[in-house]
Amino acid sequence: MPEEQPAVSYQPQPSDTARPAPPLELPHYGISFGGAIARGFKKYATFAGRASRSEYWWWTLFTFLTYVVLGLLAYAVGITTSRDGGRTPGLLAIPLIIVFAAFFLGIIVPTLALTVRRLHDAGYSGLFALLLLIPYLGSLIIMIFALLPSSPAGAIYDPRQELPASQAPSP
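Here the structure is a predicted model, which is why all the values come from computation and not from measurement. (Residues numbered from 1 in each chain as written. Predicted model: local features only at pLDDT ≥ 70, side-chain atom pairs only at ≥ 80, totals over all residues. Heavy atoms only, no water.)

**Student:** Can you help me understand the overall build of the chain in this one?
**Tutor:** When its secondary structure is counted, the chain shows 5 helices and 0 strands. Ordering the α and β elements of the chain from the N terminus gives α-α-α-α-α. Within the chain, the fraction of its 171 residues that count as buried is 27%. Look at the contacts in the chain between residues 6 or more apart in sequence, and 62% of them connect residues 24 or more apart. Carbon and sulfur atoms provide 70% of the accessible area of the chain, an area that totals close to 11,900 Å². (Helix = DSSP H or I, 4+ residues; strand = E, 2+ residues; numbered from the N terminus. Buried < 20%, exposed > 50% of the residue type's maximum accessible area, 1.4 Å probe, protein only. Contact = heavy atoms within 4.5 Å. Areas by Shrake-Rupley, 256 points an atom, 1.4 Å probe, with all protein chains shown as cover.)

Structure (structure tokens):
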């Protein structure tokens, strides 16, 4: 007669995705698409600190897809409702063009802030974001910087932790 195996209860192990998100002051490595968008808006104008590659590239994908969808929609509606064969957009395209412009203006600051934080994470000064003022070449250089992995040197851009009064150095 075969021996009975002791009953083993299966305990699910927490996966890497179940880890709690780090505080907003620190970069979130391996963030999801939705998490990166939410984090981008939560840190709307925060230029201090660092941002992971995934935060940066998920935000970039979000803005690109939104531009494409709004742009194609405005173009299609503008062409089909145009009275002069497509030289000027039709009246129904005007609200879509306004939404497109509002989205563009609304994400300038968070995109610039995220770019600065991404440069910090790669170990570079955020002033390199001024390269964006150089047409074409500046964007290419920033893209290359954004592709670089995180650097331990970027930790200097993390917010300073205040020491409690009991641990503060005495004069």
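**Student:** So what exactly am I meant to see when it comes to the layout of surface pockets here?
**Tutor:** Which parts of space are left empty comes out when a probe the size of a water molecule is rolled across the atoms. Looking at the largest pocket, its volume works out to about 400 Å³. If you list the elements that add at least two residues to the lining of the largest pocket, you get helix H2 (53-80), helix H4 (108-121) and helix H5 (137-147). The dominant element in the lining of the largest pocket, judged by the number of residues it contributes, is H2, at 6 residues. Considering only residue class, the lining of the largest pocket consists of 11 nonpolar, 5 polar and no charged. (1 Å grid on protein atoms, 1.4 Å probe; cavity = no way out; pocket = protein on both sides within 12 Å on 5 of 7 lines; lining within 4 Å. Points joined across faces, edges and corners; volume = space filled by probe spheres on them. Nonpolar A, V, L, I, M, F, W, Y, C, P; charged D, E, K, R; others polar.)

**Student:** Whenever I open this one, the nonpolar core confuses me. Can you help?
**Tutor:** What tends to happen in soluble globular proteins is that the nonpolar side chains get buried as a cluster. Residues Tyr 56, Trp 59, Phe 62, Phe 103, Leu 114, Leu 119 and Ile 142 are the most contacted members of the largest nonpolar core, which totals 15 residues. For this core, the secondary structure elements donating two or more residues are H2, H4 and H5. At 4 residues, H2 tops the list of elements feeding residues into this core. Discounting residues that sit within four places of it in the chain, Ile 142 has contacts with Tyr 56, Thr 115, Leu 119, Phe 128, Ala 129, Leu 131 and Leu 132. (Core = buried A, V, L, I, M, F, W, Y, C linked by side-chain atoms within 4.5 Å.)

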